[in-house]
Amino acid sequence: PGPVPPDEARNVTLLGALAAPSLEMVWEMEEVSRRARTDALTGLANRRAFDEQIEQQLAHADRFGHAVSLILADVDHFKVVNDSWGHETGDVVLKSIAQTLSAGVRTVDVCARFGGEEIAIILPQTALVGAVELADRLRAAVGANRIWAAGNEIPVTISCGVACYPDGALTKEALFAGADKAWYEAKSAGRNCVRSAAPKPTGTAR
């Protein structure tokens, strides 16, 4: 409650000086690790971080009997966006979609740029029905978001494929294959929609 004696103040200052370099080193290491797992353009997790997380979540699902769902989302006609307005506009579109998707998922979910204009979302402890509902909300949110770039409003939609482990796929490979096949079905159905893999356990995609 009283003033700090000079001797104690000197000790605290000395401890602070000794601790500062170590704390700065830890912060720098954490920052390097974060950047190594983050996509530079969108700020989402990158493919490396995604691969680590999917392995961990599937192992957790096996241990505790939880479901894990996967959403594969792809920007519809993204090549047209790049060809019509340029790659800088395409980057603006990807950033905007990434922000919309990130805002629409839980903190425990993993939203990653899987490659190009494709974004993958891991949903721990989420059954297929809940994953499909979320994918449709995300699809609607992206479609309703007005994206402006270089003075132009860019109309953008996404198509989503959804699969669930183990209710629909019994391996990581089958989970990806199921979501990918469902994504192609969404594209074939006219885009701007959601399709899901068969909700029954199989070792391979249906």
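Residues numbered from 1 in each chain as written. Predicted model: local features only at pLDDT ≥ 70, side-chain atom pairs only at ≥ 80, totals over all residues. Heavy atoms only, no water.

1. Considerations on the sheet that holds strand β7 (residues 194-196)
Stage number 1. Spatially, five strands are ordered β2-β3-β1-β6-β7 in an open sheet, and the strand pairing comes out mixed. Edge positions in the sheet fall to β2 (110-115) and β7, since each of these pairs with one other strand and no more. Across the sheet, the mean angle from the axis of one strand to that of its neighbour is 20°, orientation sign disregarded.
Stage number 2. Bridging between strand β1 (residues 68-75) and strand β6 (residues 158-165) involves eight bridges; their strand directions are antiparallel. By the bridge assignment, L70 is partnered in β6 with A163.
Stage number 3. Strands in contact with helix α5 (residues 128-144) are β1, β3 (118-124), β6 and β7; relative to β6, the strand with the most contacts, it is inclined by about 165°. (Pairing = 2+ DSSP bridges. Helix = DSSP H or I, 4+ residues; strand = E, 2+ residues; numbered from the N terminus. Axes fitted to C-alpha atoms, helices over the stretch in contact; angles between N-to-C directions. Contact = heavy atoms within 4.5 Å.)

2. Points about the pairing of β3
Stage number 1. The buried fraction of β3 is high, at seven of seven residues.
Stage number 2. Burial of the side chains of β3 extends over both faces: E118, A120, I122 and P124 are buried on one face and I119, I121 and L123 on the other.
Stage number 3. Pairing between β1 and β3: seven bridges, direction antiparallel. Across the sheet, L72 pairs through a bridge with A120, a residue of β3.
Stage number 4. For β2 and β3, the ladder comprises five bridges, and the chain directions are antiparallel. Paired with R113 across the two strands is I119, which belongs to β3. (Buried < 20%, exposed > 50% of the residue type's maximum accessible area, 1.4 Å probe, protein only.)

Any functional reading would require information beyond the geometric quantities listed.
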